[in-house]
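Structural features, examined
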Amino acid sequence: GRMKPVIVVHGGAGRIFKEREEGSRAGVVRAALQGYGILKRGGSALDAVEEAVRSMEDDPHFNAGYGSVLNEKGEVEMDAIIMDGKNLDSGAVSAVKCIANPIKLARLVMEKTKHMLLTGCGAHLFAQAMGIPDTPGETLITERSRERWKKNLEPDSNPEEFQKDLGTVGAVAIDSEGNVACATSTGGLSNKLIGRVGDTACIGSGGYADNRSGATSTTGHGESIMKVVLARLILYHMEQGMSPEVAADTALDYMRTRVGGLGGVIVVNNSGEWAARFSTKQMSWATVKDDQLHYGIYAGERHTKSVDEALTSQSEGF
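These figures come from a predicted structure and were not determined experimentally.

Take the UniProt feature "binding site: substrate" (unreviewed entry) in the chain next. Summarizing the sequence annotation, UniProt attributes the feature "binding site: substrate" (unreviewed entry) to Arg 196, Val 197, Gly 198, Asp 199, Thr 219, Gly 220, His 221 and Gly 222 in the numbering used throughout. Within the fold, Asp 199 resides in the loop between strand 6 (180-186) and strand 7 (207-210). Those residues in contact with Asp 199, other than ones at most four positions away along the chain, are Ser 205, Gly 206, Thr 218, Gly 222, Ile 225 and Met 226. Topologically, Gly 220 is positioned in strand 8 (residues 214-220).

All right, on to the UniProt feature "active site" (unreviewed entry) in the chain then. Under the local residue numbering, the UniProt record ascribes the feature "active site" (unreviewed entry) to Thr 168. Discounting residues that sit within four places of it in the chain, Thr 168 has contacts with His 10, Gly 11, Gly 12, Asn 63, Thr 184, Ser 185, Thr 186, Thr 200, Thr 218 and Thr 219.

Ile 7, Val 9, Ile 82, Leu 105, Ala 286 and Val 288 are the most contacted members of the largest nonpolar core, which totals 51 residues. No other element matches the 8 residues that helix 1 (residues 21-40) contributes to this core. Sequence-distant contacts of Ile 7, defined by excluding residues within four places in its chain, comprise Ala 32, Gly 35, Tyr 36, Leu 39, Ala 48, Ala 52, Val 172, Ala 173, Ala 286, Thr 287 and Val 288. Formed by 33 residues, the second largest nonpolar core is a distinct cluster that contains Val 172, Ala 215, Met 238 and Ala 248.

Turning our eyes to something else, we now look at the pattern of salt bridges. Within the structure shown, the criterion is met by 20 salt bridges. For the salt bridge of Lys 40 with Asp 291, the shortest nitrogen-to-oxygen distance reads 3.3 Å. Here the residue Lys 40 occupies a position in helix 1, and Asp 291 occupies one in the loop between strand 11 (282-289) and strand 12 (292-298), the gap between them amounting to 251 residues. With a relative accessible area of 49%, Lys 40 lands in the partly exposed category. By relative accessible area, which is 33% here, Asp 291 ends up partly exposed.

The rules we used
Residues numbered from 1 in each chain as written. Predicted model: local features only at pLDDT ≥ 70, side-chain atom pairs only at ≥ 80, totals over all residues. Heavy atoms only, no water. UniProt positions renumbered as here; feature names shortened; annotations may be inferred. Helix = DSSP H or I, 4+ residues; strand = E, 2+ residues; numbered from the N terminus. Contact = heavy atoms within 4.5 Å. Core = buried A, V, L, I, M, F, W, Y, C linked by side-chain atoms within 4.5 Å. Buried < 20%, exposed > 50% of the residue type's maximum accessible area, 1.4 Å probe, protein only. Salt bridge = Lys/Arg side-chain N within 4 Å of Asp/Glu carboxyl O.

Shown next as structure tokens:
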């Protein structure tokens, strides 16, 4: 039978500063509504997650695309992944510069090459071959990212303090055909070493999608996520019969106790149940199912609106 489509998005786990809360909420809601629009028209989960993530890459409130944090040299280097649950195809890019939408490039890697991950210079050459215009690196940099970079350069600074405000973006979805997909995109860690690649570009860590169980996208401390292969771990728990929420909590708990890592995840299983869970202080998230929008930032916070109401209030400005 036809599945009811579901989309879930996150705008990053960590600490969301007060003055950025409204923008983070509005950004995940916008992304979820855009992705859901595609699903409602019979579009694929793959198109929906790509569109939702692209929307957040273009939003300066998130650490992905425009608004990405800067590496030690003051440049933007981004990672992204997309995965198709139907056949386990995936495409990813890492350490890419001068690209407005790394998620689009990841999708092209999946569909136009025999490979799954292109990095740095090679990813750039591939983007040019695909006709993707170069975006000057400085146009991706917000005032806020530059300020933070400078602060972190000061001798007595503690970049770790800032890492709590991470802001990777991601989306998972199931479409009316019952196919699942995930997408994740990030600017990485502020003041990271040049060439540092975190969990986002790594299949099974930054995201995983399999029609047999479901899809998940992760956010948080990349190195910790990689150590426990967080996305795949959650799906493993669901394969053992756990609900998305219990699977997510179990995996996040393991990551915290085993390696001291904090993060957040969004999950949808192959019957359309969803979860948005985090061990950090906050994570902006939004989901649409049955024409109902749910969203929040704090633990236990959950606002609900009908999609129609949300679309109306959006056209009027939040």
